[in-house]
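Notes for the structure review
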Amino acid sequence: MAEAKTRPTDQSVAGFIKKIPDPQTRDDCFAIARLMKEATRNEPQMWGSAIVGFGTRRIQYAGGREGDGPLIAFSPRKQNLTLYIMSGAGSHAELLEKLGKHKVGGGCLHIKRLADIDLPTLRKLIRESVKQKKRGAPKS
């Protein structure tokens, strides 16, 4: 069975975020990290070279393959901040309606900047996602 490509690393999360060239994106990433740490009660850890993850959960892929992944995570991508918090199609629809400017795709929430969204709604969305994922995944 193939190994997962994205695994935890010893890379510094703070060091990774500090290297983000855009100051607004950098500040947004520190804020998202605080929200995710608060929701999971887990310290952040780098997964691969560009994903900041919190906690661990067992994932079963459509083909039957299993592996470990972060409970929730985010990554500053070129176009958007990508938050790995969605639990499938239609999940959290009521909260997403209140969130503000965003896109959802591939199990991810994409936002340009935190100023475009309602922060209390994002906080609640992250908390609800953690609860839902913990119910659906065995602790590891």
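Structure's up top.
Definitions and limits used
- Residues numbered from 1 in each chain as written.
- Predicted model: local features only at pLDDT ≥ 70, side-chain atom pairs only at ≥ 80, totals over all residues.
- Heavy atoms only, no water.
- Salt bridge = Lys/Arg side-chain N within 4 Å of Asp/Glu carboxyl O.
- Helix = DSSP H or I, 4+ residues; strand = E, 2+ residues; numbered from the N terminus.
- Buried < 20%, exposed > 50% of the residue type's maximum accessible area, 1.4 Å probe, protein only.
- Pairing = 2+ DSSP bridges.
- Axes fitted to C-alpha atoms, helices over the stretch in contact; angles between N-to-C directions.
- Contact = heavy atoms within 4.5 Å.

1. Notes on the pattern of salt bridges
- Enumeration according to the criterion identifies six salt bridges in this entry.
- Among the salt bridges present, the one from E38 reaches R123, with a minimum N-O distance of 3.2 Å. Taken together, the residues span a long stretch of sequence, with E38 in helix α2 (residues 23-40) and R123 in helix α4 (residues 119-136) at a distance of 85 residues.
- Judged by relative accessible area, which is 43%, E38 ranks as partly exposed.
- The salt bridge involving R58 is made with E66; its shortest N-O contact spans 3.4 Å.

2. Some remarks on the sheet that holds strand β5 (residues 72-76)
- Ordered in space as β1-β2-β5-β6-β8-β7, the six strands form an open sheet in which the pairing is antiparallel. Edge positions in the sheet fall to β1 (44-47) and β7 (103-105), since each of these pairs with one other strand and no more. Put simply, the sheet's adjacent strands are angled 25 degrees from each other on average, direction ignored.
- Across four bridges, the pairing between β5 and strand β6 (residues 81-84) is antiparallel. Its bridge partner being in β6, A73 is matched across the sheet by Y84.
- Most of the contacts of α2 go to β5, to which it runs at about 175 degrees, and overall it touches β2 (51-54), β5 and β6.

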